[in-house]
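# Descriptive analysis of the structure
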Amino acid sequence: QVQLVESGGGSVQAGGSLRLSCAASGRTFSTYVMGWFRQAPGKEREFLSAISWSPISTRYADSVKGRFTISRDNVKNTVYLQMNSLKPEDTAVYYCAADRTKLLRTTQSAYDYWGQGTQVTVSS
C-alpha cells in the first residue's frame, strides 16, 4: 500500500515557477514508477510526466516538455515536479500517482495509487 500527499501548489503569475512535491509512504516506493497528472475544470485528467526508478528514465507530455522537470529522491520517498515558464493554461489540480509496473505509462488506469491533488493557478 502506498499513500501519496502532494504539496507546493499555489498561485503564480504567468512566466513564474513552482515546484510540486509528492511524499509517499510505503516501503516499496523506490520500485514504483511515479507520475504527475493534472485536471482542469471541465477537462479530462491529463498525463504530464513519469519517472522510473532504476535505471532512471523519464517521459513527458508534449504540452510540458522543456518547461517541466520530474525528479525523485528515493531516500526521502518524494517525487518532484519543477514547473517553469508557467502559462494560464497550466491552471489545474495536479495529482501524483504511483504505478507498480516498470513502464512509463500515460493513462490514468495504469496507476494504482493517487494523491488528493494540489491546486495550481496561473494568472496572466
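What counts and what doesn't
- Residues numbered from 1 in each chain as written.
- Predicted model: local features only at pLDDT ≥ 70, side-chain atom pairs only at ≥ 80, totals over all residues.
- Heavy atoms only, no water.
- Helix = DSSP H or I, 4+ residues; strand = E, 2+ residues; numbered from the N terminus.
- Buried < 20%, exposed > 50% of the residue type's maximum accessible area, 1.4 Å probe, protein only.
- Disulfide = S-S within 2.5 Å.
- Phe/Tyr/Trp six-rings, centres within 6.5 Å; stacked < 30°, edge-to-face > 60°.
- Pairing = 2+ DSSP bridges.
- Axes fitted to C-alpha atoms, helices over the stretch in contact; angles between N-to-C directions.

Turning our attention to the environment of Thr 31. For Thr 31, the location among the structural elements is in the loop between strand E3 (18-25) and strand E4 (33-39). With a relative accessible area of 29%, Thr 31 lands in the partly exposed category. With 23 residues separating them in the primary sequence, Thr 31 and Ser 54 have C-alpha atoms 7.8 Å apart.

Now for the state of the cysteines. Applying the stated criterion across every chain, the model contains one disulfide. Covalently, Cys 22 is tied to Cys 96 through a disulfide, its sulfur atoms 1.9 Å apart. Sign of the S-S torsion, about 50° for the bond between Cys 22 and Cys 96, identifies this disulfide as right-handed. Here the residue Cys 22 occupies a position in strand E3, and Cys 96 occupies one in strand E9 (residues 92-99), the gap between them amounting to 74 residues.

Below, the discussion takes up the packing of aromatic side chains. For the structure shown, the criterion picks out six aromatic pairs. Consider the rings of Tyr 32 and Tyr 113, whose centres lie 6.1 Å apart with planes at 10°: the pair is stacked. A residue pair is termed long-range when its members are at least 10 positions apart, and Tyr 32 in the loop between E3 and E4 and Tyr 113 in strand E10 (residues 113-114) qualify at 81 residues. Relative to Trp 114, the ring of Phe 37 has its centre 4.9 Å away and its plane inclined at 55°; by these criteria the two rings are tilted. With a gap of 77 residues between them, Phe 37 in strand E4 and Trp 114 in strand E10 connect regions that are remote in the sequence. Since its relative accessible area comes to 27%, Trp 114 is described here as partly exposed. Following the ring pairs from residue to residue traces out a cluster consisting of Phe 37, Phe 47, Tyr 95, Tyr 111 and Trp 114.

Moving on, we get to the sheet that holds strand E1 (residues 3-7). Read from one edge to the other, the open sheet built from four strands follows the order E1-E3-E8-E7, with strand pairing classed as antiparallel. Edge strands, defined here as strands with exactly one partner in the open sheet, are E1 and strand E7 (68-73). The sheet shows a mean angle of 15° between the axes of neighbouring strands, direction not considered. Direction of pairing for E1 relative to E3: antiparallel, over a ladder of five bridges. Along E3, the bridge assignment pairs Gln 3 with Ser 25.

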